[in-house]
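Below are the chains, spelled out letter by letter.
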Amino acid sequence: MSHDLLAGLNPEQLRAVTWDKGSALVLAGAGSGKTRVLTTRIAWLIQTGQVSPMGVLAVTFTNKAAREMLTRLSAMLPINTRGMWIGTFHGLCNRLLRAHHRDAGLPQLFQILDAQDQLSAVKRVLKALNVDTEKYEPRKLQSFINMNKEAGLRADKIEAYDPYTRRLAEYFAEYDAQCNREGVVDFAELLLRSYELLSRNAMLREHYQERFRHILVDEFQDTSRLQYDWLKLLRAPSNAIFGVGDDDQSIYAFRGANVANMAHFQQDMGIEEVIKLTQNYRSFGTILDAANAVISHNSNRLGKDLWTTAGRGELIRHYEAPSDLDEARFVVEEIQGLHREGMAYADTAVLYRSNAQSRVIEHALFSAGMPYRVYGGLRFFERAEIKHALAYLRLIANHDDDNAFLRVVNFPTRGVGARTVEAIDAAARAGGVSLWAAACAQGAGKKGLAGFVQLIEALRIETQGMSLAEQVEHVVARSGLIEHYKSERDGEDRIENLSELTNAATAFAGESESQDLADFLAHAALEAGEHEAQAGQDAVQLMTVHAAKGLEFMAVFITGLEEALFPHENSLTEVDGLEEERRLMYVAITRARQRLYLTHAAQRMLHGQPRYGLPSRFLQELPAELVQTIGGWRKTSALAAETMESAPPAPSRAAALPYRVGARVQHPRYGEGVVAGYQGQGAEAEVRVSFPKIGDKWFILEYARLTPC
DNA sequence: AACTCTTTAGTCGCG
DNA sequence: CTAAAGAGTT
């Protein structure tokens with residue numbers, strides 16, 4: 001039987017799939033069949049009777065990855081995957097907390113705050129404490145809270161050596177208190193809460209440890225400190241963790257990912273040998289060589305090189321554009337050419353480091369009348385009208401949800417102004433009760449408020465006994481949202497989305513076999529929905545490099561390959577920042593199957609001003625024989641190369657270029673400025689300096705009276 | 001309560 | 001430049 005399952009696996013994959021000596025770490029390169037290994041292993045474990053479906057715990061980071069695993073698994077095995085613990089960290093923690101909400105100290109119908117909700121909750125805390133939000137920015141506090149929770153730290157465990165941090169910790173504590181009062185948890189809280197639940201409750205912990213004989217973890221390099229500890233807590237000494245990841249694709253340190261977990265895992269589990277999947281099934285050899293070459297400039301790697309049997313393929317194409325406009329024009333023309341040769345638009349992707357860069361490319365595509373799709377932006381459950389409708393539903397499920405209350409108490413407007421809300425807020429704080437309770441108490445006198453209270457109560461009663469979809473439909477219809485959007489100029493889309501919400505509820509009820517409103521609300525928070533825009537059409541794919549991780553395309557354009565943009569200037573001041581940028585470059589390169597374009601622009605508009613960038617150091621890190629320069633307005637970028645730290649030193653001319661681009665310099669007449677670029681060579685070399693007020697100035701390098709500052 | 005003006009910030013973003 | 005958020009105006 002298992003023959004079918006294992007057929008077609010290469011020796012490395014086979015070794016990983018059938019590993020039977022305890023915990024394992026699989027170093028899975030890009031395009032090496034990682035998902036296949038994970039799912040085949042689960043199927044193999046079940047089919048060979050080593051574990052029952054209930055005994056498997058498989059964790060991913062995205063809903064998409066979890067879905068894919070489930071789909072592939074049900075194709076491999078005739079089992080019902082429902083009830084199996086396969087999902088995202090957050091989804092599984094949610095499941096755990098719902099099942100044991102009492103032990104976790106949560107109300108049964110606790111609600112989940114998404115990032116937006118969390119930010120407004122944070123703002124409310126700061127307002128209640130009368131904090132100067134200039135000094136303590138809500139966003140900063142939000143990320144402070146999340147960073148600490150991701151490291152497993154509550155407010156009282158934070159070591160604050162300065163008054164500022166001490167204050168932040170205080171506000172953190174107050175925020176948590178507010179969440180507890182309101183019966184809501186944020187994303188990080190889902191994890192921390194379930195970690196604490198398991199660590200405090202030995203009975204529960206042992207129950208799950210006994211149950212999950214095999215734990216499998218996808219994208220191990222993206223795990224946070226807390227997630228790693230959570231996994232260790234769930235694993236009995238006799239059970240195995242199978243971790244799959246790629247340290248070279250670790251690009252999420254900024255949101256708490258801790259690559260070091262891979263090394264810790266090796267030590268903690270006594271793993272002697274890492275299984276490496278290095279055969280790549282995606283790209284041609286030239287592309288892989290380029291990726292290998294770039295990433296080899298990083299230190300602290302576990303180490304691996306990708307290879308293929310597919311052959312060399314085409315050279316990488318490098319285009320040097322005079323400006324961002326020209327870069328976009330080039331990309332458009334190339335895609336048109338590819339399309340004429342039969343390539344689908346959807347097989348081409350344009351990647352960039354930051355979202356702002358998409359504008360120019362979008363404009364060029366639009367002018368050329370070509371279809372395109374931009375990834376990112378608002379997702380379905382994040383749209384304002386959907387959040388409004390959900391707020392009504394949340395308030396029915398949990399009256400104490402102050403976030404939801406504030407969102408809709410006066411939307412659509414019903415004469416409950418800021419003054420009234422303030423009064424409710426004061427009463428609620430004085431009485432230590434929720435806004436809802438305070439509103440009920442004083443609502444009688446005020447027309448609008450009384451109407452709101454009655455509406456919510458009526459909805460609660462009316463929806464009892466209804467199916468989930470009926471409840472959603474009913475609440476949307478009675479909330480007045482549709483009437484409100486009818487009178488708005490471009491409200492049609494919003495009304496359409498609201499009716500789509502009913503469809504989403506129907507679909508959810510069908511998939512999960514749950515008619516429970518709380519389940520649906522959790523689903524809405526945990527799965528914000530796809531990025532809607534014209535999915536499924538044949539369109540050029542535009543996205544950031546981060547968003548491209550895990551995807552592949554026949555042809556890939558990596559644009560904006562300039563110093564200070566990619567690698568991003570902000571990363572240069574961060575610890576290991578440059579290495580993370582290089583991994584980002586590695587991810588970008590390995591998205592391409594057949595053809596890879598690298599482009600950079602000498603001049604680019606940034607923040608409304610022209611910026612002059614040198615070619616990215618990553619271009620220099622590519623072996624010249626893999627790259628073919630096409631077009632190009634300048635013969636060589638050798639001059640540029642020599643200003644770069646990572647380039648081999650060229651003493652004679654390095655002395656001639658005393659400042660890096662981006663370096664701050666002082667000029668006796670114009671004051672402080674930033675070096676924006678160089679032009680010419682030798683005695684004619686000129687330096688361009690940007691001054692804040694005055695703008696850009698060219699100086700003959702030899703005579704310019706510049707001093708570093 | 002809608003509208004307008006001003007100010008400000010601007011890397012990447014799963015759940 | 002430009003989008004978003006906050007403040008101020010009608």
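Residues numbered from 1 in each chain as written. Chains lettered and ligands numbered in written order. Predicted model: local features only at pLDDT ≥ 70, side-chain atom pairs only at ≥ 80, totals over all residues. Heavy atoms only, no water.

**A short note on the overall build of chain A**
How we decide: We count a stretch as a helix when DSSP gives it H or I for four or more residues in a row; a strand needs E for two or more, and each element gets its number in order from the N terminus. Atoms counted for the radius of gyration: C-alpha only. Globule rule: 2.2 Å times the number of residues to the power 0.38. Relative accessibility thresholds used throughout: buried, under 20% of the residue-type maximum; exposed, over 50%; partly exposed, between the two (1.4 Å probe, protein chains only).
From N to C terminus, chain A includes 29 helices and 21 strands. A compact globule built from 709 residues should have a C-alpha radius of gyration of about 27 Å, and chain A, at 28 Å, falls within 12% of that. With the principal axes as the frame, chain A shows a C-alpha extent of 85 × 70 × 55 Å. Split into buried and exposed, the 709 residues of chain A put 53% on the buried side.

**Quick look at the pattern of salt bridges**
Heads up, the rule is: Salt bridge, as used here, is a side-chain nitrogen of Lys or Arg placed within 4 Å of a carboxyl oxygen of Asp or Glu.
A complete count under the given rule lists 49 salt bridges for this structure. One salt bridge in this structure joins Glu68 and Arg72, with 2.8 Å as the shortest N-O distance. Here Glu68 and its partner Arg72 are both found in helix H4 (residues 63-76), 4 residues apart, which amounts to about one turn of the helix. For Glu68, a relative accessible area of 35% gives the class partly exposed. The network of salt bridges with common partners includes Lys149, Arg154, Asp176, Asp186, Glu189, Arg193 and Glu196.

**Re the protein's contact with DNA strand C**
What counts is decided by this rule: Think of it this way: one heavy atom of a residue within 4 Å of a molecule or strand is enough to make that residue near it. For the purposes of these results, a polar contact is taken to be a pair of N or O atoms within 3.5 Å, where, inside protein, one atom must be able to donate a hydrogen and its partner to accept one; residues adjacent in sequence count only when each atom of the pair is a side-chain atom. Each residue is assigned to one class: nonpolar for Ala, Val, Leu, Ile, Met, Phe, Trp, Tyr, Cys and Pro, charged for Asp, Glu, Lys and Arg, and polar for all the others, Gly among them.
Near DNA strand C the following residues occur: Lys123, Arg359, His607 and Gly608. Counting only the atoms of DNA strand C within 4 Å of the protein, the fraction contributed by sugar and phosphate is 46%. Between DNA strand C and Arg359, the relevant distance is 3.0 Å, taken from a phosphate oxygen to a side-chain nitrogen or oxygen of the residue. A per-class count over the surface near DNA strand C returns no nonpolar, 2 polar and 2 charged.

**A closer look at the pairing of strand S13 (residues 553-558)**
Cut-off, in case you're wondering: Paired strands, in this sense, are two strands between which DSSP finds at least two bridges.
Burial analysis of S13 places 5 of its 6 residues in the buried class, which makes it a mostly covered element. In terms of strand pairing, strand S10 (residues 348-352) meets S13 through 4 bridges, oriented parallel. Its bridge partner being in S13, Leu351 is matched across the sheet by Ile558. The pairing of S13 with strand S14 (residues 592-606) spans 5 bridges and is parallel. For Val556, the partnering residue across the bridge sits in S14 and is Leu596.

**A word on the packing of helix H16 (residues 384-397) against helix H20 (residues 447-462)**
Put simply, the test is: Note on definitions: angles span 0 to 180 degrees between N-to-C directions of axes, and those axes are lines fitted to C-alpha atoms, for helices only across the stretch in contact. Any angle between 65 and 115 degrees counts as roughly perpendicular, while under 35 counts as roughly parallel, over 145 as roughly antiparallel, and the rest as oblique. Between two residues, a contact is recorded if the distance between any of their heavy atoms is within 4.5 Å.
As a packed pair, H16 and H20 sit with axes 9 Å apart at the nearest point and diverge in direction by 75 degrees. The orientation of H16 with respect to H20, classified from their angle, is roughly perpendicular. Facing Tyr392, Leu395 and Ile396 of H16, the residues of H20 in contact are Phe452, Leu455, Ile456, Leu459 and Arg460. Considering only residue class, the contact of H16 with H20 consists of 7 nonpolar, no polar and 1 charged.

**Brief notes about the layout of surface pockets**
Stated formally: Here a cavity is any set of points on a 1 Å grid over the protein atoms alone where a 1.4 Å probe fits but cannot get out, and a pocket is any open set with protein on both sides within 12 Å along at least 5 of 7 lines; a residue lines the site when it has an atom within 4 Å of a point. Grid points are joined across faces, edges and corners, and a volume is the space filled by probe spheres set on the points.
Here the second largest pocket defines a volume of roughly 1600 Å³. Surrounding the second largest pocket, 41 residues form its lining, Phe508, Glu511, Ser512, His523 and Glu527 being those nearest its centre. Among the secondary structure elements, those contributing two or more residues to the lining of the second largest pocket are H4, strand S3 (85-88), helix H5 (89-99), helix H23 (492-512) and helix H24 (517-526). Tallying contributions element by element places H23 first for the lining of the second largest pocket, with 7 residues. Looking at the lining of the second largest pocket, its residues break down into 14 nonpolar, 16 polar and 11 charged.

**Some thoughts on the nonpolar core**
Looking at soluble globular proteins, one finds that nonpolar side chains tend to be buried together. Put simply, the rule reads: Nonpolar cores were defined as sets of buried Ala, Val, Leu, Ile, Met, Phe, Trp, Tyr and Cys residues, with membership established by side-chain atoms within 4.5 Å.
Phe381, Leu390, Tyr392, Phe405, Phe452, Leu501 and Phe520 are the most contacted members of the largest nonpolar core, which totals 45 residues. A per-element tally of this core places H16 first, with 9 residues. Ignoring any residue separated from it by four or fewer positions in sequence, one finds Phe520 in contact with Phe381, Leu390, Leu468, Val472, Leu501, Ala504, Ala505 and Phe508. The next biggest cluster of nonpolar side chains, apart from the first, holds 40 residues, and it includes Leu92, Leu106, Phe110 and Trp230.

**Regarding the protein's contact with DNA strand B**
Residues in close proximity to DNA strand B total 22 residues, the closest being Asn63, Arg353, Asn355, Asn570 and Glu574. Counting only the atoms of DNA strand B within 4 Å of the protein, the fraction contributed by sugar and phosphate is 42%. A distance of 2.3 Å separates a phosphate oxygen of DNA strand B from a polar backbone atom of Asn355. A distance of 2.8 Å is found between a phosphate oxygen of DNA strand B and a side-chain nitrogen or oxygen belonging to Thr544. Residues belonging to the surface near DNA strand B are distributed by class as follows: 4 nonpolar, 14 polar and 4 charged.

**Concerning H16**
The condition is simple: Here the expected span of a helix is defined as 1.5 Å times the quantity of residues minus one.
Under the 1.5 Å per step criterion, the end-to-end length of H16 is 20 Å for 14 residues, consistent within 8% with the ideal 20 Å. The element H16 is extensively covered by neighbouring structure, given that 13 of its 14 residues are classed as buried.

**A look at the sheet that holds strand S7 (residues 240-245)**
On the basis of which strands lie adjacent, the open sheet formed by 6 strands has the order S3-S2-S6-S7-S1-S8 and parallel pairing. Either end of the sheet is taken by a strand with one partner, and the two such strands are S3 and strand S8 (275-277). Across the sheet, the axes of successive neighbouring strands diverge by a mean angle of 15 degrees, strand direction being ignored. Bridge analysis of strand S1 (residues 24-28) against S7 gives 4 bridges, and the strand direction is parallel.

**Examining the environment of Arg353**
Position of Arg353 relative to the elements: it lies in the loop between S10 and helix H15 (358-367). Beyond its immediate stretch of four places on either side in the chain, Arg353 contacts Thr544, Val545, His546, Leu565, Phe566, His568, Glu581 and Leu584. A polar atom in the side chain of Arg353 sits 2.7 Å from the side chain of Glu581.

**Re empty space enclosed by the protein**
Within the structure shown, the criterion is met by 1 cavity of 30 Å³ or more. One number sums up the size of the largest cavity: a volume of about 40 Å³. Lining the largest cavity we find Asp324, Glu327, Ala328, Gln357, Val360, Ile361, Thr559 and Arg604. Within the residue set of the lining of the largest cavity, elements represented by two or more residues are helix H14 (324-340) and H15. Examining the composition of the lining of the largest cavity, we find that 3 residues originate from one element, H14, more than from any other. Looking at the lining of the largest cavity residue by residue, the classes come out as 3 nonpolar, 2 polar and 3 charged.

**Quick look at the packing of aromatic side chains**
Selection rule: Aromatic rings from Phe, Tyr and Trp, taking only the six-membered ring of Trp, are treated as a pair when their centres fall within 6.5 Å; an angle between ring planes under 30 degrees marks them as stacked, one over 60 as edge-to-face, and anything in between as tilted. Cation placement over rings: the criterion is NZ of Lys or CZ of Arg within 6 Å of the ring centroid and within 35° of the ring normal.
Enumeration over the complete set of coordinates arrives at 20 aromatic pairs. On the numbers, 5.3 Å between centres and 90 degrees between planes, the contact of Tyr136 with Tyr171 is edge-to-face. Separated by 35 residues along the polypeptide, Tyr136 in the loop between helix H6 (115-128) and helix H7 (138-150) and Tyr171 in helix H8 (residues 163-182) bring together distant segments of the chain. Exposure remark for Tyr136: the relative accessible area of 6% places this residue in the buried category. Chaining the aromatic ring pairs together yields one cluster made of Tyr319, Phe330, Phe557 and Tyr597. Here the guanidinium or amino end of Arg98 rests over the ring plane of Phe110, the centre of that ring lying 3.7 Å away. The ring of Tyr252 is capped by Arg255, whose NZ or CZ atom sits 3.4 Å from the centre of that ring.

**Observations concerning helix H12 (residues 260-268)**
Note the cut-off: Arc definition: it is the arc formed by the directions from the helix axis to the C-beta atoms.
Every buried residue of H12 is accounted for by Asn261, Met262 and Phe265. What you see down the axis of H12 is that its buried residues fit within an arc of 105 degrees, all on one side. At the exit of H12 stands Gly270, carrying a positive phi of roughly 60 degrees.

Purely spatial values, then, with no claim about function.
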